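The lines below spell out each chain.
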2 protein chains.
Amino acid sequence: MNYFSSDFKLGILGGGQLGKMILYSTRKFDVYTCVLDPSKDAPARLACDEFSVGDLLDYDTVVNFGKKVDVLTIEIENVNVDALETLEDEGVKVFPSSRTLKTIQNKAHQKLFYRDHNIPTADFSRFAHTSQIDEAIDNGGLSYPFVWKSARFGYDGQGVKVVRRYTDLLDLPNVECIAEDLIPFKNELAVIVARNSEGHFKTYPVVEMEFHPEANQVEYVICPARISDAIAKKAELVALKTAAAFEHVGLLAVEMFQTEDDEILVNEVAPRPHNSGHYSIEASYTCQFEQHLRCVLGLPLGNTESKVAGVMVNLVGAENHTGNVLYKNMETIMAMDGVTPHIYGKKQTRPFRKMGHVTIVNKDIAKAREVAEKVKRTIEVISK
Amino acid sequence: MNYFSSDFKLGILGGGQLGKMILYSTRKFDVYTCVLDPSKDAPARLACDEFSVGDLLDYDTVVNFGKKVDVLTIEIENVNVDALETLEDEGVKVFPSSRTLKTIQNKAHQKLFYRDHNIPTADFSRFAHTSQIDEAIDNGGLSYPFVWKSARFGYDGQGVKVVRRYTDLLDLPNVECIAEDLIPFKNELAVIVARNSEGHFKTYPVVEMEFHPEANQVEYVICPARISDAIAKKAELVALKTAAAFEHVGLLAVEMFQTEDDEILVNEVAPRPHNSGHYSIEASYTCQFEQHLRCVLGLPLGNTESKVAGVMVNLVGAENHTGNVLYKNMETIMAMDGVTPHIYGKKQTRPFRKMGHVTIVNKDIAKAREVAEKVKRTIEVISK
C-alpha cells in the first residue's frame, strides 16, 4: 500500500492538540487524513480531509470509522480496543496494535508486562479496589509512603497520588489500582523510540523532565538531558528493550526514573507522540509527529538527532483562574531569542490545565534553559 | 488590536501552497484565519477557519471578504488593488499595502520605482505594445539580445523571454512590456527582508539560486549562498534599501543578480513568503511563514539565522508527462539524511509544473548540496 497513491486514507483516533500537530506533518506529505473525535470543536477538525464526531470508546463508532481507512493510528490511548481488534482482523493496519493498547490502558497490566519481560520498574501491589489497601497495610503487606495509581485512565496526573498517611487514602476513588514503591530519584528521564512497520528502530536523545510539585505535570523538558553518557546509554537501552517487548510500530515514549543509585526504572509508556517530544518540532532534524507518520506509513525513519538544544515549557492555566483564557505577556516572550509558542486553542482555562507549550532553542543548552525560566516567569495563562 | 483576543480575524488572499504553509504557522499561534481563493480545491481550504471561494481580481468579492477581517495579507500579488485601497480607507490593516502591490503588479512601474529610488537594476525600455519593439530596433534605440518581459503578470517564467533575434519576437503576445538588458551574471541571489508594523527590520541570509535552463524556474536554492562576505553584505544592503523604499510591512523577497564585475542589481521582488525562503522551514530559527505572520500581526520579529545549512530542490513535473501525478522513488529520497519532501497536493502534473519542493539540511553545506543532487537525480514527478 503506497500512501502517495490518491486513494490511500490515514485514520487518526482523537483530534486533540497531538492530532493537530500530527496533521501539520500530514499536510506536508499530502496524506489524505480522517479524524474521529468526540468534540465537534476538536483542534484537529481543521487541517484534516474528513472530520467525524463520535465516541472513541464506542465499538461500532470506531469500527465504522476504521473501515474506511487503510492505516489507523491514535493520538490518545483511551479508545475501544475491541474495535481495533476487529479492524485488524479485517486487514486494516492498526498502529499501535490493539494488544499493545490493551496492555497500556490498564496500569496493573502494564506493570505486569514489565515484570514478565524483565524490564526494570518499581515494585508494586495490585488491588481490585482501593478499599483493600487498608487491609494490606494492617497486615504489613504494604507500608507508607507509596504511590497510588488507578489502573484505568487518568490524564495529567489525575489518577495518581502519593500516599504518606492514612488520611491521604480517604478521598481516593474505590477503583482497581496499584500501590507502587515511592522511588527517591535524581531525575525523571524520557526516551522516544521510533519503529516503523519494517522493524527499523531509532531513538531520540534522552530528555530530562522537571515536574511542577503541586500539579504533578511536566514543567520543563530539557533536550539533551544533563546526565552522563553512561546513564544516557543505559536509559536508551531500557527504552529500546521496552519497545521491542511490545513489538511496537510507531512512536513509544518511555518515561523513566534515574534512582539515587543510578538505576533506570520504567515509570510508564505512551504509544504515540508525547509531550516529552514537543521540543523536536523546533530542535530535531525530524520532529516526532513526522517520525510517527513515517513509522505507521512504513516509510524510512528520519534523523532523530537535534540541530540545536531545546527546552520545552508547558503552558498551564494559572492557579485561581477559571474562564475565558488570556495569554498575558505573549509578545514579551516572543521577543526572546529562539522562543516559539504553541497555543492549543482551548477557549477556557482552569488551574493547571494544559493550554499550550513554548519551545526555546539555542546552540547552548544553558542559554536555552535560562530563557526558558524567563519565559516561565513572564507568560501568564489567566482568565479575562 | 491583539490577535490573541478571541474575536481577531486574519484574512489571506489566495489559498495555494504558500497560503497552506502560512496556515501551518497560524495554527501554532491559534490565529483565526479566513482564506479566499478562486478554486474550491485550493490546498489552504484545509487548516483555515473560514474558506471562501471567489475571484481575487473582482472588486466586490475582495472588499466583502476583507471587511470581515482585522488584518489582510496575501500569498499572491495578482489581486484587486482597488479593493485593497477601499479596505485600507475603511480601517482594515492591509499588508502589503495596495500602493506596494500596485507598483509590483506592473513590471514597468516596478522598474521605474527602482530607478526613482536609486536602487540598482538593469537598464530597460518600456513599450505600450510588443509590436513597437521592431521600430525601436530599426531606429537603433534597442539591440539584440535583450530580455522581453510582459508588464502584467506571468508566473513561473511565463511572460519572460530572452530575445536574441527577430524570430524570437514573433510568438510573443502584443502587450505592454519592457525590454531589459541581458545581464551576464555570476550568480542569482535573493534576500528575504522581514519588517513588522512597528518598523523593525531583519534580513534572512543571502541565498543562491540555480535555475533550470529550459524552464526558467529555480532548481536549487542554497543557504547560505557560497559568496564572499563582502558580496553578501552588499546584497543585504540593496535588499534593505528596497524594502525601506516600499515602506514595506511583511516579508519582501528581493531577487538580485551578481554581475560579472560584482555589481548587485535588483531583478524583481515578491511582497510575501517566497520560494527562495522554503528552506527556512527546516533550516532557520524562524521559518519565513511564521515570520510573515509576526510582521503582519505586529509581533516581535523572530531570529532569521539558520540552525543548519539548507538546500531546497523544486519538484517540477517531468518533461513528456501530463496527467495524474506519481512521485516515483519518494521512499528512496526519504531515506537520505536530512531530507524533507513537501508535496503541494496538485493532482495533475505537466512539464515543469511546480508540484512541491524538497529541503535538505546538514551542518555541512557541501554535504547538503551533495544530497540535493542525489535527490534531484532520484525523484521523478511523472504521470501514472
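See the structure printed just above.
Note that the structure is a prediction, hence the values are computed from the model and not measured.

Participant: Would you take a moment to explain the overall build of chain A for this structure?
Facilitator: Scanning chain A for helices and strands turns up twelve helices and 21 strands. When its C-alpha atoms are laid out on the principal axes, chain A stretches across 65 × 50 × 45 Å. The burial tally for chain A puts 61% of its 384 residues in the buried class. Restricting to contacts in chain A with at least 6 residues of sequence separation, those with at least 24 account for 62%. Per element, the accessible surface of chain A, about 14,700 Å² overall, is 49% carbon and sulfur.

Participant: Can you walk me through the packing of aromatic side chains in this structure?
Facilitator: Geometrically, a pair of aromatic rings is defined through the distance of the ring centres and the angle of the planes. The tally for this structure, following the rule as stated, stands at eight aromatic pairs over all chains. Arranged with centres 4.1 Å apart and planes meeting at 15°, the rings of F113 of chain A and F246 of chain A form a pair that is stacked. Of the two residues, F113 of chain A sits in helix 5 (residues 107-116) while F246 of chain A sits in the loop between helix 8 (229-245) and strand 14 (250-259), which places them 133 residues apart along the sequence. On the basis of relative accessible area, F113 of chain A is assigned to the buried category, the value being 11%. Look at F246 of chain A and you get buried, because its relative accessible area is 1%. Between F113 of chain B and Y114 of chain B, the aromatic rings sit 6.4 Å apart at their centres with planes inclined by 75°, giving edge-to-face as the arrangement. Each of the two residues, F113 of chain B as well as Y114 of chain B, counts as buried. Its guanidinium or amino end placed over the ring of F29 of chain A, K28 of chain A lies 5.3 Å from that ring's centre, counting from NZ or CZ.

Participant: Just checking my understanding: could you explain unusual backbone geometry for this structure?
Facilitator: Glycine aside, a negative phi is what most residues show, and trans is what most peptide bonds show. A cis amide bond, omega 0°, links C223 of chain A with the succeeding residue P224 of chain A. Assignment of secondary structure puts P224 of chain A in the loop between strand 13 (217-223) and helix 8. P145 of chain B follows Y144 of chain B through a cis peptide bond whose omega is -10°. For A47 of chain A, which is not glycine, the phi torsion reads 80° and is therefore positive. At D30 of chain B, a residue that is not glycine, the phi angle is positive and equals roughly 55°. Locating D30 of chain B in the fold gives a position in the loop between helix 1 (17-29) and strand 2 (33-37). Assessed through its relative accessible area of 22%, D30 of chain B is described here as partly exposed.

Participant: Got a minute to help me understand the interface of chain A and chain B in this structure?
Facilitator: Much of the literature gives interface size as the accessible area that the parts lose upon coming together. Taken residue by residue, the interface counts 40 residues in chain A and 40 residues in chain B. Between chain A and chain B lies a buried interface of about 3,700 Å² when both sides are counted; carbon and sulfur atoms form 57% of it. For the interface between chain A and chain B, the tally reads two salt bridges. In this structure, D30 of chain A and K347 of chain B form a salt bridge, with 3.5 Å as the shortest nitrogen-oxygen distance. On the surface where chain A and chain B come into contact, there are 14 residue pairs in polar contact (both at pLDDT 80 or more). When residues of the side of chain A that touches chain B are traced back to their parent elements, those giving at least two are helix 1 (17-29), helix 10 (288-296), helix 11 (330-334) and strand 18 (339-343) of chain A.

Participant: Whenever I open this one, the packing of helix 3 (residues 81-89) of chain A against helix 4 (residues 98-105) of chain A confuses me. Can you help?
Facilitator: A pair of packed helices can be characterised by two numbers: the angle between their axes and the separation between those axes. Residue and element names in this part refer to chain A. At their nearest, the axes of helix 3 and helix 4 sit 9 Å apart, and the two run at 165° to each other. As summarised for this structure, helix 3 and helix 4 are arranged roughly antiparallel, according to the angle between their axes. Crossing of helix 3 over helix 4 shows left-handed handedness. Touching V81, D82, L84, E85 and E88 of helix 3 are S98, L101, K102 and Q105, all from helix 4. Each residue belonging to the contact of helix 3 with helix 4 can be placed in one class, and the counts come to three nonpolar, two polar and four charged.

Participant: Help me understand the side chain of E188 of chain A in this model?
Facilitator: Residue and element names in this part refer to chain A. Locating E188 in the fold gives a position in strand 10 (residues 185-195). For the buried E188, no salt bridge exists, and the shortest N-O distance to an oppositely charged side chain is 8.4 Å, to K149. Setting aside its immediate chain neighbours within four residues, E188 contacts V207, E208, M209, F211, M256, F257 and N267.

Participant: Hey, could you run me through the relation of the copies chain A and chain B in this one?
Facilitator: Think of it as a corkscrew move, a rotation about one axis and a shift along it, taking one chain copy to the other. Taken as rigid bodies, chain A and chain B are interconverted by a rotation of 180° and an axial shift of 0.0 Å, the fit giving an RMSD of 0.1 Å. In short, the pair behaves as if placed about a two-fold rotation axis. Residues of chain A ranked by C-alpha distance from the rotation axis are headed by A47 of chain A, positioned 1.9 Å from it. When the interface residues of chain A are mapped onto chain B, 100% of them again lie at the interface, so the same face is used by both copies.

Participant: It is not clear to me how empty space enclosed by the protein should be interpreted in this structure. Could you clarify?
Facilitator: In this approach a probe as big as a water molecule rolls over the atoms, and the regions it shows empty are the leftover space. This model, assessed by the stated rule, comprises eight cavities of 30 Å³ or more. In this structure, the largest cavity occupies an estimated 560 Å³ of space. As for the largest cavity, its lining consists of 31 residues, and the residues nearest its centre are K28, I281 and C287 of chain A together with K28 and I281 of chain B. Residue classes in the lining of the largest cavity are distributed as twelve nonpolar, eleven polar and eight charged.

Participant: What exactly am I supposed to notice about the sheet that holds strand 1 (residues 10-13) of chain B here?
Facilitator: Each strand in a sheet pairs with its neighbour through backbone hydrogen bonds, running either in the same direction (parallel) or in the opposite one (antiparallel). Residue and element names in this part refer to chain B. The strand order across the open sheet formed by five strands is 3-2-1-4-5, and the pairing between neighbours is parallel. A strand with exactly one partner marks an edge of an open sheet, and here the two such strands are strand 3 (50-53) and strand 5 (93-94). In terms of strand pairing, strand 4 (residues 71-74) meets strand 5 through two bridges, oriented parallel. By the bridge assignment for strand 5, V71 is matched with K93. Of the strands in this sheet, strand 1 and strand 4 are in contact with helix 10 (residues 288-296), which crosses strand 4 at around 145°.

Participant: What is the right way to read the pattern of salt bridges from this model?
Facilitator: Oppositely charged side chains are able to pair whenever their charged atoms sit close together. Residues and elements named next belong to chain A. Going through the model one piece at a time under the given rule, you end up with 54 salt bridges over all chains. Across the pair E290 and K28 runs a salt bridge, and its minimum N-O distance is 2.7 Å. Taken as a pair, E290 in helix 10 and K28 in helix 1 lie far apart in primary sequence, 262 residues in all. With respect to class, E290 is no different from K28; both count as buried. Linking R99 and E247 is a salt bridge whose minimum nitrogen-to-oxygen distance equals 3.6 Å. On the criterion of sequence distance, the pair formed by R99 in helix 4 and E247 in the loop between helix 8 and strand 14 is long-range, its members being 148 residues apart. Residue R99 is classed as partly exposed on the basis of its relative accessible area, which comes to 49%. One salt-bridge network, in which partners are shared between bridges, spans E208, E210, R226, R369 and E373.

Participant: Just checking my understanding: could you explain the sheet that holds strand 7 (residues 146-150) of chain A for this structure?
Facilitator: Residues and elements named next belong to chain A. Spatial ordering of the open sheet is given by 6-9-7-8, a layout of four strands whose pairing is antiparallel. Of all the strands in the sheet, just strand 6 (124-127) and strand 8 (160-163) have a single pairing partner and so form its edges. Averaged over all adjacent pairs, the angle separating strand axes in this sheet is 20°, with direction ignored. Taken together, the five bridges between strand 7 and strand 9 (residues 177-181) define a ladder with antiparallel strand orientation. Bridge pairing links W148 to A179 in strand 9. Across the sheet, helix 5 is in contact with strand 6, strand 7, strand 8 and strand 9; its angle to strand 6 comes to roughly 140°.

The rules behind the values
- Residues numbered from 1 in each chain as written.
- Chains lettered and ligands numbered in written order.
- Predicted model: local features only at pLDDT ≥ 70, side-chain atom pairs only at ≥ 80, totals over all residues.
- Heavy atoms only, no water.
- Helix = DSSP H or I, 4+ residues; strand = E, 2+ residues; numbered from the N terminus.
- Buried < 20%, exposed > 50% of the residue type's maximum accessible area, 1.4 Å probe, protein only.
- Contact = heavy atoms within 4.5 Å.
- Areas by Shrake-Rupley, 256 points an atom, 1.4 Å probe, with all protein chains shown as cover.
- Phe/Tyr/Trp six-rings, centres within 6.5 Å; stacked < 30°, edge-to-face > 60°.
- Lys NZ or Arg CZ within 6 Å of the ring centre and 35° of its normal.
- Buried area = accessible area lost by both parts, 1.4 Å probe.
- Salt bridge = Lys/Arg side-chain N within 4 Å of Asp/Glu carboxyl O.
- Polar contact = N/O pair within 3.5 Å; in protein donor to acceptor, adjacent residues only side chain to side chain.
- Axes fitted to C-alpha atoms, helices over the stretch in contact; angles between N-to-C directions.
- Parallel < 35°, antiparallel > 145°, perpendicular 65-115°, else oblique.
- Left-handed = near helix turned anticlockwise from the far one by under 90°.
- Nonpolar A, V, L, I, M, F, W, Y, C, P; charged D, E, K, R; others polar.
- Lys, Arg positive; Asp, Glu negative; His and termini not counted.
- Least-squares fit on C-alpha atoms with pLDDT ≥ 70 in both.
- 1 Å grid on protein atoms, 1.4 Å probe; cavity = no way out; pocket = protein on both sides within 12 Å on 5 of 7 lines; lining within 4 Å.
- Points joined across faces, edges and corners; volume = space filled by probe spheres on them.
- Pairing = 2+ DSSP bridges.

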